[in-house]
Amino acid sequence: MANESQAAIANAPASLPSPTAALFQKAHAKLVTLQRIDEQLHSILDQRRKLQDELREVQGQINDEFDRVIRDAQEAPARLIAQFGEPPKPRRIGSPKEALRLEVAEAG
């Protein structure tokens, strides 16, 4: 009888996987899925690194533009002074003022 059950198992159709084979297939599918996810993560991390590099480059360009605008703003007064001369110095409070002169003519 033991020989008959062994023969029945040996003659079982090959299309029905054993429970152990099914577990290995399931594990293999999970491993393949993990590998694909790892590849996607590496791709996403590479994209992130590239975007950070581009952002740093744009930030540098913005800083350069601010520096240029500030430098131009500082140079403009110097150009005006060179073109028109030194501006009058403001009088300080309490400094002597020029005396006002009023002449009155007699009606005659």
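Now for a look at the structure at hand. (Residues numbered from 1 in each chain as written. Predicted model: local features only at pLDDT ≥ 70, side-chain atom pairs only at ≥ 80, totals over all residues. Heavy atoms only, no water.)

## Brief notes about the overall build of the chain
Which entries qualify depends on this criterion: Runs of H or I in DSSP of at least four residues are treated as helices and runs of E of at least two as strands, each being numbered from the N terminus. Under the convention used here, a 1.4 Å probe and the Shrake-Rupley method define accessible areas, while residue burial counts only the protein chains that appear.
Counting secondary structure elements, the chain contains two helices and zero strands. Carbon together with sulfur atoms contributes 59% to the accessible area of the chain, which is approximately 11,100 Å² in total.

## Looking at the pattern of salt bridges
Under the convention used in this document: Each salt bridge in this description consists of a side-chain nitrogen of Lys or Arg and a carboxyl oxygen of Asp or Glu lying within 4 Å of one another. Per-residue accessibility, obtained with a 1.4 Å probe over protein chains only, is compared with the maximum for each type, and a residue is labelled buried under 20%, exposed over 50%, and partly exposed between these values.
In the structure shown here, the tally under the stated rule is six salt bridges. R49 serves as the salt-bridge partner of D46, at 2.7 Å between the closest nitrogen and oxygen. Within this pair, D46 and its partner R49 are both found in helix α2 (residues 19–84), separated by three residues, close to a single helical turn. Judged by relative accessible area, R49 falls into the partly exposed class, the value being 41%. With a shortest N-O distance of 2.5 Å, R68 and E65 are connected by a salt bridge. Here R68 pairs with E65, and both are found in helix α2, just three residues apart, close to one helical turn.

## With respect to a nonpolar patch on the surface
Under the convention used in this document: Patch membership requires over 30% relative accessible area and the absence of a salt bridge. Like charges are linked within 9 Å, and nonpolar side chains (Val, Leu, Ile, Met, Phe, Trp, Tyr) within 5 Å.
There is a patch of nonpolar side chains on the surface, built from V58, I62, F66 and I70 and spanning about 370 Å² of accessible area. Considering the arrangement of structural elements, one finds I70 in helix α2.

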